[in-house]
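These are the residues of each chain, in order.
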Amino acid sequence: MPLNIPESSFQRIVVIGAGFAGLKLVRALKGTNYQLVLIDRNNFHQFQPLFYQVATAGLEPSAISFPLRKIFQQQTNLHIRLTEVLNVNIAEKKVYTTLGEVIYDVLVIATGADTNFFGMNKIAGAALPMKTVGEALNLRNSILKNYEAALTSDDPQEIETLLNTVIVGGGPTGVELAGAIAEMRTFVLPKDYPELNFREMKIYLVEASSRILSAMSLSSSEKAADFLQKLGVNLITGVQVTGYEDDKVMLHTGEFLHARTLIWAAGIKGNLMGGADELPAGRGNRLLVDEFNRVTGQDAVYAIGDIALCESGKFPGGHPQVAQVAIQQAANLAANLRRIAKSEPMKPFRYSDKGSMATIGRNKAVVELPFLKFQGFFAWLVWMFVHLMSIVGVKNRVLIFINWLWNYMTYDQSLRLIMKPGKGNS
Ligand SMILES: Cc1cc2nc3c(=O)[nH]c(=O)nc-3n(C[C@H](O)[C@H](O)[C@H](O)COP(=O)(O)OP(=O)(O)OC[C@H]3O[C@@H](n4cnc5c(N)ncnc54)[C@H](O)[C@@H]3O)c2cc1C
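The rules we used
- Residues numbered from 1 in each chain as written.
- Predicted model: local features only at pLDDT ≥ 70, side-chain atom pairs only at ≥ 80, totals over all residues.
- Axes fitted to C-alpha atoms, helices over the stretch in contact; angles between N-to-C directions.
- Helix = DSSP H or I, 4+ residues; strand = E, 2+ residues; numbered from the N terminus.
- Parallel < 35°, antiparallel > 145°, perpendicular 65-115°, else oblique.
- Left-handed = near helix turned anticlockwise from the far one by under 90°.
- Contact = placed C-beta atoms within 7 Å.
- Nonpolar A, V, L, I, M, F, W, Y, C, P; charged D, E, K, R; others polar.
- Core = buried A, V, L, I, M, F, W, Y, C linked by C-beta atoms within 7 Å.
- Buried ≥ 20, exposed ≤ 12 C-beta atoms within 10 Å, placed from the backbone.
- Pairing = 2+ DSSP bridges.
- Near = placed C-beta within 6 Å.
- Domains from an automatic or database assignment.

Participant: Even after reading the chapter, I still don't get the packing of helix H5 (residues 133-151) against helix H6 (residues 156-163), so can you show me in this structure?
Facilitator: Running from N to C, H5 and H6 cross one another at 165°; their axes reach a closest spacing of 8 Å. It follows that H5 is roughly antiparallel to H6 by the angle criterion. For the pair H5 and H6, the sense of crossing is left-handed. Where H5 approaches H6, its residues Asn 146, Tyr 147, Ala 149 and Ala 150 are matched on the opposing element by Ile 159, Leu 162 and Leu 163. Classifying every residue of the contact of H5 with H6 by side-chain character gives six nonpolar, one polar and no charged.

Participant: Please clarify how the nonpolar core should be interpreted in this entry.
Facilitator: Soluble globular proteins tend to bury their nonpolar side chains together. If you look at the biggest cluster of nonpolar residues, it comprises 70 residues, and the most contacted ones within it are Ala 178, Ala 224, Leu 228 and Ile 263. Membership of the second largest hydrophobic core comes to 52 residues, among which are Leu 29, Tyr 34, Val 108 and Ala 110.

Participant: When you look at the pairing of strand S15 (residues 248-251) in this model, what are you seeing that I'm missing?
Facilitator: Within a regular strand, the side chains alternate between the two sheet faces. Here four bridges tie strand S14 (residues 241-245) to S15, and the two strands are oriented antiparallel to one another. Paired with Tyr 244 across the bridge in S15 is Val 249. Once S15 ends, the chain turns through four residues before running back antiparallel as strand S16 (residues 256-258), passing Gly 254 with a positive phi of about 95°.

Participant: Got a minute to help me understand the site of the ligand in this structure?
Facilitator: Lining the immediate surroundings of the ligand are 33 residues, of which Gly 17, Gly 19, Gly 112, Gly 305 and Val 322 lie closest. Going through the elements one at a time, helix H1 (20-28), strand S2 (34-40), helix H7 (172-187) and helix H10 (323-341) are the ones with two or more residues in the shell around the ligand. Formed jointly, the shell around the ligand draws a minimum of three residues from each of two domains, domain 1 (11-41 + 83-115 + 268-341) and domain 2 (121-266).

Participant: What am I meant to see in the sheet that holds S14 here?
Facilitator: Strand pairing within a sheet occurs via backbone hydrogen bonds; the two strands may be parallel or antiparallel. What the three strands build is an open sheet, ordered S14-S15-S16; its pairing is antiparallel. Looking at which strands have only one partner, the edges of the open sheet turn out to be S14 and S16. Sheet twist, expressed as the mean angle between neighbouring strand axes with direction ignored, is 20°.

Participant: Is there a simple way to think about the sheet that holds strand S5 (residues 78-82) in this case?
Facilitator: The five strands lie next to each other as S5-S2-S1-S9-S21, forming an open sheet whose pairing is parallel. The open sheet terminates on both sides in strands that have one partner only, identified here as S5 and strand S21 (301-303). On average, adjacent strands in this sheet sit at an angle of 20° to one another, irrespective of strand direction. As paired strands, S2 and S5 are joined by five bridges and run parallel to one another. Each residue of the ladder has a partner; that of Leu 38, found in S5, is Ile 80.

Participant: How should unusual backbone geometry be read in this particular structure?
Facilitator: Outside of glycine, negative phi angles account for most residues, and trans bonds account for most peptide bonds. With phi around 45°, Leu 213 is a residue other than glycine that occupies positive phi space. By the secondary structure assignment, Leu 213 is in the loop between strand S12 (203-207) and helix H9 (218-230). Owing to 25 C-beta atoms within 10 Å, Leu 213 belongs among the buried residues under this scheme. Positive phi values are uncommon outside glycine, yet Asn 285 reaches one of about 60°. Take Asn 285: it is sitting in the loop between strand S19 (281-282) and strand S20 (286-288).

Following this line, the structure appears as structure tokens:
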């Protein structure tokens, strides 16, 4: 069954994935003589850097998600299909989806990455990942349900287990989550649940390497650790989580931590569909590409964003899997596709690193720009400004700004709803 894309005299580019990379590519090809087909399993673009605020009841999912059809209302050379890509057949230039198949002239794979549990199936079955807005919402539900359950227990050990949170992975996501949950414990939870003693609640952040935020400088890493410790987060570095059973998080040291909430922010792997997994891939399930983002050995297949691995001189292990790389690769590929249409030579991708940052909580952030590092209140303002300006849609920006202002003034997040399908509890 075909995907029902109209016949066209123009070359057809099929883009899989409407994340940072796919979205930018399609936008940058507006007005060209290409027929564009954008496929995503969601009908919206998600702003992953703020997932942790959805998970901790600071923002509504709709504030960080934007409907694709609204974004592209004015783009006439584009056909959007809401479906999951199951397979690609590179030899026949065909993409197979749950709704049908489509033939391409050029294929762009921009499917991003999913959580990597490194083959630990028990952890995968029980831990809470945060790679989609649905998973962020599920995390919010789980945490709140555990506090509700703690109210009805008379076993002190069970209560402690229900209140505790273990976050695995000390990258920006783990750090931001740990800070946000610690602030909830201080400012919000004791007021919502006066019958529970939140002084008993422990938040552990477990990181396998010797320090948190290991992609940033030592000084930023130390400052973030200092901020977290002041918020009462227990930092455990140089320790691997090896299993999870009966509410016990096992550590490689033989010790364990009691917690019903286990959040996994420790690794990602590329989202490869059938057929694409036969293309040359490197570490982390990422497709090997050249400096034009062309998949190794292919003329008409490109990969951009988290799924692409370009082992270049300055980045022997590939570029960092961050939004700026995805956006810049997409912009470069769009410019190259325009050049191809004019029979001009392509230009290689060069990453311009604009810096990195992480927020730990109220007035607390670390920022590293190419020539300047700073921490604390000003860093926190910069973090907020950059994230606000990166969000798609004016309405979303205004909504988020109002939310942040409200939360800052009231020391409260007002979105602590347990949302689930069906009629209600359990
Ligand atoms: C919690 C979290 C916080 C982050 N914070 C930051 C940050 O602060 N700063 C930063 O720079 N980066 C951050 N990142 C990383 C950043 O979000 C990624 O680098 C970026 O999203 C990569 O863009 P992408 O387009 O490659 O993939 P994505 O944005 O992940 O998009 C992939 C798209 O492909 C679709 N898709 C996948 N498989 C299929 C399929 N088979 N069929 C149909 N559709 C499919 C998905 O639905 C999705 O829309 C964060 C990531 C996470 C998870």
